[in-house]
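Architecture and fold: a report
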Amino acid sequence: MSARRTVEPETPEQPGPRVRRQAPAGAPWIRTRLRAMPAAALLTALLALVTTFLAAAIPLTGDRGADRALRGYLADAGLDSTGLHASARSQTGNEIGGLDSVAKLLTERIGTRLPLDPDGLVYGTASARWTSLATPGLAAPDGVPPQLSLMYLHDAPAHVRLTEGQWPTGRLPEGEPYPVVLSEESARTLGAHLGQVLDEGPDPKNPRPPQRVRVTGLFTADPKDPFWIGHGCALTACQRFTPLRPPDRYWQAAALVSPEYVRTVAAWGQGGQDFWRLPVDTRRLRADRLADTSAALATVTSGPVAAALATESRRPDLRLQSQLRTLIDQARDRQAAATTLTSVGPAGAAGVAAVVLCLAAALAADRRITELRLLRARGAGASWLARRLLAEGLLTVLPAAAVGTATALLLFPTYRHTTALVAAVAVTVLAWLAFPVRAVLALRPPKAATRRRLTAELVVLAATVAAVTQARRRGVTPVGEGIDPLLVAAPLLLALTGAVLLARLQPLLVGLPARWSARRSGAVTFLGLTRAARGGPGGRPSVLLLLALLLAVGCAAFGSTALAGVTAERAAAARYRVGGDAVVRSTAPGTLPAGFAEAAALLPGVRTSLPLRTDDDLTLTSENGGWTQVHLVAAEPEPYAEVARTAGRGTFDPALLGPAKNDLVPALVSPDLAQGDYRLYLPTGMVRIHTVGTVTASPAAFGTTVPTVQIAFADTIGPPNTWMATGPVDESALRALAERSFPTVDAPDLPEAKAPGFSLHTSTEAERELGEEPLRQAAERTFWAAVATTALYAVLAVLLTLVRAAPERAALLARLRTMGLRPRQGMAMVLAESLPPVLLAAAGGAGVAMVAVLLLGPAVDLSPLVGTAVEPGLRLLPGPITTQALGLAVLAVLAVLAETAVTARRQITTELRAGDR
C-alpha cells in the first residue's frame, strides 16, 4: 500500500514566513560572448598582436640602426681619432715605473666615466726632435740626409717578429752606441743593415760628442695591428719634403729601444715626450647617450678630471686631447636630422594603424548594435555594458598585445625599450578602448552633429596652418635638439586636413560622373556612383578611410621624395668631387700615353672625351712685379665647358677662351686674381695672358688651394696629362684600358716596388662610397619598413570599410536581383560604388605629398643622408610621388576586387534565402 503525499496550497490567510526563490544564475558574460563569436574574438586578438608587435618593433629597429650607424661612423674615423691622447714632457731620470703608474692612474680615473678598451692601451716615450744622420751611404734622395727618432713602446716585443739579431739586453759601458732595433722596411729604405752604427752629425751649437746608435736587430710587424696606429714611421720610413721651392725629399724613421735604455730616448732627441693612448671602446657607446658621453669627454680633456690627473700624476704639463668629442657632436647632429626625416614614415604608419583600429571597432559595434540595444531595452545601464565590454577586451586584446610586445623585444634586442614600450602601450590602450567607447556612443540618442563636426574641422585646419608656418619660419632642426616634432607632425596634419577636405568634396567630385551616367542607358553605373557620392552610413563619406589612404600615400610619397632627393644630391656631390664622371691622371711627371684619349673616347657610355693639361705650382707675375703660385688648366673650351656643367663646378662661356691675340692668351682666373695682364712661366717657356673673366672653381683643380688659371689648350703648353669624361662610363673597361696603356712607376714610399702610372676616379665610385654611409642605410631600412607597414594597414582599412558596408549592400543587391539584376551587373555596381573613394584618396594623397614638399621642403636638410654637406631644401620630384600613389591605388583596387569576388555573391545568396529555416 502506498501513500500519496499531498501538498496543500498556501493560502494568503495562512500565517508563516514566505520563501524567496533565487533566480537561476546566468551564464558568465565573457565566456558566452567569446563562444558566440569566436572568429571575431580571434581576429581582434590577431589585429592587436600584429599592431603591438609592429609598434614596438619599428622603434627597436630604429634604435638598433642608430647604434650601428654611430659605430660605423666612429669606426670610419679610426682608432687614432676616437681615442684619448695624453702627453707630457719626459721627467729627469725617466724610468718605466713612471710611465706605468701614469697609465694605471689614467685607466682608473677615466675608465669610470668612459668605456675604455683595456687591451688597446698603448704608451711609451719618444724623442722630442728628429736627429739627422751623418753616416755615409745612407739614402738621401735629393741630398738631404735621413732623420732618426728613438722610441720606447710598452709591450712592443709582443707585436713584432724579429727576423735578424736580437733585442738589446743588459747595460752597456758609457760611450758605447745605444742599441736599437729597426724595421726591415725602414732599414731597406735608409740603406742601413744589422750591426751598423748610425751617428748624428756634428752640431756647432752644441759641443757635446755626437750621439750614436747601433742596429742590433731587425723586425717585421703587421701594419694593420691597432698597436701601431700613430707610429707609422716605426714600421716604414716616411718620406718628407723640405719647405723649399722646389721641395727636396728626405726620409724619417723611428727605431725602438728596450726598457733598459728608456733614458737614451731623451738624450738622443734633446728631450723626450711621454705619451699614452687610451682607446675608447666605441662598440659600447649608445646613440641615445651621446650628450652624456660628450659631457664626460669635456670633463676628462679640459674639466675637473683633467686637473685632478695632472695633480695626482705630479705632471703639471699633462695634457689630454681627443677628436672623439667633435665626432660625437657631429654624430648627434647627423642623427637628429636623419631621424627627423625618416620618422615621417613611422609616424604615418602609426596614424594608419590607429585608423584601422577605429574602423575595426566601428565594424564590431555595427555587428553587435542590435544586441546592445536589446540589453539597454531590458534595463542594462550604459556603465554596466561598458564594464562588460572592457572585460571582454581584457581577455582578447591584452594577452595578444603582451605576446606581440614580448616577441618584438626578443627579436630585436637593444639597450633601450622606453619608446617601444610606450608605443606598444598606446596601441594596446587604443585597441582595448576603441570598441567599448564606440559601442557606448552608438547607444546614445542621435543628435545634430553638424556644428561639432565643423568645429573639429576648423581646429584641424588651424593646427595644420600653425605647424607648417612655424616649420617654414624656424627652418631645419636646431643643432643637437633631436627629433623635430614639427617636421614629423606637419605631413600628418596635412594628410588629416586633406582627408577632411576630400570628404567634403567627394559628393561633388563623384556626383559629376554620376550625373553624366544618368543620361546614358543602364542604371547600374549610375546607381553605384550615386551610392559612392552619398558615402557610408549617415549619408557622409568615411573620413577614416580617406584619412588612412591619404596618410599612407602622403607620408610614403613625402619620404620617398626625400630619399630620391638624397640619391640625386649624392650623384651631384660625386660628380662635383670627381670633376665629372671619370678622370684619369698620369702619375707626375708624365703624360697620357699615345692613343689613350682616342681609345677611351670609344668606350661604352662616354659622351664627352677631354684630354687636357694641368700643372701645379707655376709662377704668375703681374705688370707691377708681384708674383704668386698658380694652378694651370689648359683644355679645349667646348668640351671643358660641358664637363664643368656636368660637374656643377666652374661653369663658363666657352666663347671667352680662344686663340692668342696680339701675343696675349685669353684666360679665366680665380676671383682672388685681379683683372689684367700677367706673365705665366711654364716649363717650356713664358706665356703672356689676358684675363677675360673669373670662375669660382675648376673641375680639373678640385682641392687646390692656390689660384687657378684656365686657358685654351695648345701644343706649346705641353702634351696632355689628364683625361676627363662625362656619361655613364664603364669603370672596369676604363681601368683595363689604363692598365694596358700606362707603364708602371716606382712607388713613392716603397723602394724597389712598382705602382700604376695613373690614378683613376669615377663618379660611380664616389657615389658608391657616399652610399655606404651606415646612417643612410639604417634610415632607409626604417623608412621602407614603415612604408610596407603603412601599405598593409591601408589595404586592411579598405577591406574593413567594405565589410562594414557589406550587409546594406547585400540587401540592396538582393532586392535588385528579384527585379532582374544579373550577377555581372551586380559586380559592376559594387565596383562603381567602391572604387571612386579609393582612386580619389590616392590622387588626394599625391596632392598632399606635393603640398608637403612645397611647404616643408625648404626646412629639410638632406646632408646627413647624402654623406656630405649640401644646400638645405627638398625639390619636388613627380616620379616618387606618382609611384607611391599608383602603387597604393593598385593594392587598394585589388583588395576591392578580391573582397567583391569572394563575399558579394555569398552575401546576396544569404539575403535571398532569408526565412528558409
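Note that the structure is a prediction, hence the values are computed from the model and not measured. Note on numbering: residues in each chain are counted from 1, in written sequence order. Selection of residues for local features in this predicted model requires a pLDDT of at least 70, selection of side-chain atom pairs for listing and counting requires 80 or more, and totals for whole chains, interfaces and linings are taken over all residues. Just so you know, side-chain values use all the structure's heavy atoms and leave hydrogens and water out.

Concerning the pairing of strand 6 (residues 178-183)
Operational definition: The buried label applies to any residue whose accessible area, calculated with a 1.4 Å probe on protein chains only, is under 20% of its type's maximum; exposed applies above 50%, and partly exposed to all values in between. Per the convention used, a helix needs a DSSP run of H or I reaching at least four residues, while a strand needs a run of E reaching at least two, with both numbered from the N terminus. Paired strands are those between which DSSP finds at least two bridges.
Among the 6 residues of strand 6, 6 are classified as buried, and the element is accordingly described as predominantly covered. Burial along strand 6 is two-sided: Tyr178, Val180 and Leu182 facing one way and Pro179, Val181 and Ser183 facing the other are all buried. Here strand 6 pairs with strand 8 (residues 212-220) via 6 bridges, running parallel. Residue pairing for strand 8: proline 179 is matched across the bridge by arginine 214.

Digging into the side chain of aspartate 281
For clarity, the threshold we go by: Residues are treated as being in contact if the distance between any of their heavy atoms lies within 4.5 Å.
Note that aspartate 281 resides in the loop between strand 11 (272-279) and helix 7 (290-302). On the accessibility criterion, aspartate 281 (11% relative accessible area) is buried. Apart from residues lying up to four places away in sequence, aspartate 281 is in contact with Pro115, Leu116 and Asp117.

What about the state of the cysteines?
Disulfide: a covalent bond formed between the sulfur atoms of two cysteine residues. Operational definition: Here, the term disulfide refers to a pair of cysteine sulfur atoms separated by no more than 2.5 Å.
Under the counting rule described, the total for this entry stands at 1 disulfide. Here cysteine 233 pairs with cysteine 238 through a disulfide, and the sulfurs are 2.1 Å apart. Here the S-S torsion is close to -125°, and the disulfide linking cysteine 233 with cysteine 238 is therefore left-handed. Cysteine 238 sits in the buried class, given a relative accessible area of 17%.

Brief notes about the pattern of salt bridges
What counts, and what does not: Should a side-chain nitrogen of Lys or Arg be within 4 Å of a carboxyl oxygen of Asp or Glu, the pair is scored as a salt bridge.
Taken as a whole and assessed by the stated rule, the structure comprises 20 salt bridges. Put simply, arginine 188 and glutamate 185 hold a salt bridge, and the shortest N to O gap is 2.8 Å. Taken as a pair, arginine 188 and glutamate 185 lie in helix 5 (residues 184-190) at a separation of 3 residues, close to a single helical turn. Overall, arginine 188 belongs to the partly exposed group, its relative accessible area being 41%. Glutamate 185 gets classed as partly exposed once you look at its relative accessible area, which sits at 30%. In this structure, the salt-bridge partner of arginine 613 is aspartate 615, at a minimum N-O distance of 3.1 Å. Take aspartate 615: its relative accessible area is 11%, and that puts it in the buried class. One network of salt bridges, with partners in common, ties together Asp63, Asp67, Arg286, Asp288 and Arg416.

Details of unusual backbone geometry
Across the chain, the bulk of peptide bonds are trans and the bulk of non-glycine residues have phi less than zero. Despite not being glycine, aspartate 155 has its phi angle at roughly 65°, a positive value. Among the structural elements, aspartate 155 can be located in the loop between strand 4 (147-153) and strand 5 (161-165). Taking relative accessible area as the criterion, aspartate 155 reaches 43% and is therefore assigned partly exposed. One non-glycine residue, arginine 314, lies in the positive phi region at around 60°. The exposure class assigned to arginine 314 is exposed, which follows from its relative accessible area of 70%.

As for empty space enclosed by the protein
This is how the line gets drawn: The distinction between a cavity and a pocket rests on a 1 Å grid over the protein atoms alone: a 1.4 Å probe fits inside a cavity but cannot get out, while a pocket stays open yet meets protein on both sides within 12 Å along at least five of seven lines, and a residue with an atom within 4 Å of a point counts as lining. Grid points are joined across faces, edges and corners, and a volume is the space filled by probe spheres set on the points. Gly falls in the polar group here, along with every residue not listed as nonpolar (Ala, Val, Leu, Ile, Met, Phe, Trp, Tyr, Cys, Pro) or charged (Asp, Glu, Lys, Arg).
In total, this model carries 4 cavities of 30 Å³ or more according to the counting rule given. Taken as a whole, the second largest cavity encloses approximately 70 Å³ of empty space. The wall of the second largest cavity is formed by Ala66, Ala69, Leu70, Tyr73, Ala331, Arg334, Gln335 and Leu775. Broken down by secondary-structure element, the contributors of at least two residues to the lining of the second largest cavity are helix 2 (38-77) and helix 9 (324-342). At 4 residues, helix 2 tops the list of elements feeding residues into the lining of the second largest cavity. By residue class, the composition of the lining of the second largest cavity is 6 nonpolar, 1 polar and 1 charged.

Topic: the packing of aromatic side chains
Our working definition: Two aromatic rings from Phe, Tyr or Trp, using only the six-membered ring of Trp, form a pair when their centres are within 6.5 Å; if the ring planes differ by under 30 degrees the pair is stacked, by over 60 it is edge-to-face, and anything between is tilted.
Under the counting rule described, the total for this entry stands at 8 aromatic pairs. Between phenylalanine 53 and phenylalanine 412 the ring centres are 6.4 Å apart and the planes differ by 45°, which places this aromatic pair in the tilted class. Of the two residues, phenylalanine 53 sits in helix 2 while phenylalanine 412 sits in the loop between helix 11 (382-411) and helix 12 (418-443), which places them 359 residues apart along the sequence. Note on phenylalanine 412: relative accessible area 23%, which makes it partly exposed. Here tyrosine 640 and phenylalanine 652 contribute two aromatic rings whose centre-to-centre distance is 5.8 Å and whose plane-to-plane angle is 40°, an arrangement assigned as tilted. With tyrosine 640 in helix 18 (residues 637-647) and phenylalanine 652 in the loop between helix 18 and strand 16 (665-669), this pair connects stretches of sequence that are 12 residues apart. A relative accessible area of 2% means that tyrosine 640 is categorised as buried. Ring pairs connect the aromatic residues Phe596, Trp723, Phe742 and Phe758, which therefore count as one cluster.

Quick word on helix 8 (residues 304-312)
To be explicit about the condition: It is the directions from the helix axis to the C-beta atoms whose arc is reported.
Considered for burial, the residues of helix 8 that qualify are Val305, Ala306, Leu309 and Ala310. Taken down its axis, helix 8 places every buried residue within 135° of arc, on the same side. Every exposed residue of helix 8 that faces more than 90 degrees away from the buried side is listed here: Pro304 and Thr311. If you follow the buried residues of helix 8, they end up packed against helix 4 (96-111), helix 7 and strand 12 (319-321). Looking one or two places after helix 8, you find arginine 314, whose phi comes out positive at around 60°.

So, the environment of aspartate 329
Position of aspartate 329 among the secondary structure elements: in helix 9. Residue aspartate 329 is classed as partly exposed on the basis of its relative accessible area, which comes to 28%. Separated by 35 residues in the primary sequence, aspartate 329 and serine 294 have C-alpha atoms spaced 7.2 Å apart.

Some thoughts on the packing of helix 2 against helix 11
How we decide: Between N-to-C directions, angles span 0 to 180 degrees; the directions come from axes that are lines fitted to C-alpha atoms, helices contributing only their stretch in contact. Any angle that is under 35 degrees is reported as roughly parallel, and any over 145 degrees as roughly antiparallel; angles of 65 to 115 degrees are reported as roughly perpendicular and all others as oblique. In this scheme, a crossing is called left-handed if the near helix is turned counterclockwise away from the far one by less than a right angle; it is called right-handed if the turn is clockwise.
In the contact formed by helix 2 and helix 11, the axes pass within 7 Å of each other and the chain directions differ by 30°. Between helix 2 and helix 11, the angle falls in the class roughly parallel. For helix 2 against helix 11, the interelement crossing comes out right-handed. Of helix 11, the residues touching helix 2 (which contributes Ala41, Thr44, Ala45, Ala48, Leu49, Thr52, Phe53, Ala56, Ala57 and Leu60) are Thr396, Val397, Ala400, Ala401, Val403, Gly404, Thr405, Thr407, Ala408, Leu409 and Leu411. For the contact of helix 2 with helix 11, the class distribution of residues is 15 nonpolar, 6 polar and no charged.

Description of the environment of leucine 74
If you trace the backbone, leucine 74 turns up in helix 2. C-alpha of leucine 74 to C-alpha of leucine 327: the two residues are 253 residues apart in sequence and 7.3 Å apart in space. For leucine 74, the residues in contact, after removing those within four places along its chain, are Thr82, Thr282, Leu285, Leu324 and Leu327.

Considering the confidence of the model for the protein
Just so we agree on the cut-off: Confidence scores per residue from the predictor, reported as pLDDT, run from 0 to 100.
Scored by pLDDT, the protein has a mean of 82; 89% of the residues are at 70 or more. Ignoring residues within four places in sequence, the model shows residues 1-27, a span with pLDDT below 50, making 2 contacts including any to other chains.

Looking at the pairing of strand 1 (residues 83-89)
The sheet contact formed by strand 1 and strand 11 spans 7 bridges and is antiparallel. Across the sheet, residue histidine 85 finds its bridge partner in strand 11, namely arginine 277. One ladder, built from 3 bridges, connects strand 1 with strand 12; its direction is antiparallel. Bridge pairing in strand 12 places serine 87 opposite arginine 319.

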